[in-house]
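# Structure assessment
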Amino acid sequence: MSATLYALALFACSDDGTACQRLETPVQTYDTRNQCNAGLDQALDTEAARKAEAPTVYAQCLTSRQMASIGKSTIDLTRVNGAQFASAGF
């Protein structure tokens, strides 16, 4: 079994995903990327996602290393290697 954990986080972004801020929501962690990916749609259907003040909200499964490197600054999700993301425009 891999020691890599995957985290599902929400981001408030520009439409193209190049200017994003991580939403202040609890981060869900999973043992596998498949488990994490299964939670993407549910994460986008939360109150936090619906109330975000951004044109698009993205849910992203990231490794713990990717999460640590992102921090709280503005990021470009299109440059996060190995990440799949789902979006909901509100």
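For the structure, see preceding data.
Described below are features of the structure shown in this document.

Rules behind the numbers
Residues numbered from 1 in each chain as written. Predicted model: local features only at pLDDT ≥ 70, side-chain atom pairs only at ≥ 80, totals over all residues. Heavy atoms only, no water. Helix = DSSP H or I, 4+ residues; strand = E, 2+ residues; numbered from the N terminus. Contact = heavy atoms within 4.5 Å. Core = buried A, V, L, I, M, F, W, Y, C linked by side-chain atoms within 4.5 Å. Buried < 20%, exposed > 50% of the residue type's maximum accessible area, 1.4 Å probe, protein only. Pairing = 2+ DSSP bridges. Disulfide = S-S within 2.5 Å.

### Focus on the side chain of Thr-63
- For Thr-63, the position within the fold is in strand S4 (residues 56-63).
- In contact with Thr-63, other than residues within four places in its own chain, are Thr-4, Leu-5, Tyr-6 and Arg-33.

### What about the nonpolar core?
- Grouped together as the largest cluster of nonpolar side chains are 14 residues, with contacts concentrated most on Leu-8, Leu-10, Leu-23, Val-57 and Ala-59.
- Where this core is concerned, the elements lending two or more residues are strand S1 (6-13), helix H2 (40-44) and S4.
- With four residues, the single largest contributor to this core is S1.
- Core analysis: the second largest hydrophobic core is formed by 12 residues, Ala-9, Phe-11, Cys-13 and Ile-70 among them.

### Focus on the environment of Ile-70
- Here Ile-70 is to be found in helix H4 (residues 64-70).
- Owing to a relative accessible area of 8%, Ile-70 belongs among the buried residues under this scheme.
- It is 9.6 Å that separates the C-alpha atoms of Ile-70 and Gln-21, two residues lying 49 residues apart in sequence.
- Apart from the residues lying within four places of it in its own chain, the contact partners of Ile-70 are Phe-11, Leu-62 and Ile-75.

### A look at the pairing of S4
- Across the eight residues that make up S4, a large majority, eight, are buried.
- Across eight bridges, S1 lies against S4 in antiparallel orientation. Paired with Leu-10 across the bridge in S4 is Ala-59.

### Quick notes on the environment of Ser-64
- Relative to the helices and strands, Ser-64 resides in helix H4.
- A C-alpha to C-alpha distance of 7.0 Å links Ser-64 and Thr-4, two positions 60 residues apart in sequence.

### Things to note about the state of the cysteines
- Taken as a whole and assessed by the stated rule, the structure comprises two disulfides.
- One disulfide bridge connects Cys-13 with Cys-20, the sulfur atoms lying 2.1 Å from each other. Taking the torsion about the sulfur-sulfur bond, which here is approximately 120°, the covalent link between Cys-13 and Cys-20 counts as right-handed. In this pair, the class of Cys-13 matches that of Cys-20, namely buried.
- One disulfide bridge connects Cys-36 with Cys-61, the sulfur atoms lying 2.2 Å from each other. The disulfide joining Cys-36 to Cys-61 has a torsion of about -100° about its S-S bond and is therefore left-handed.

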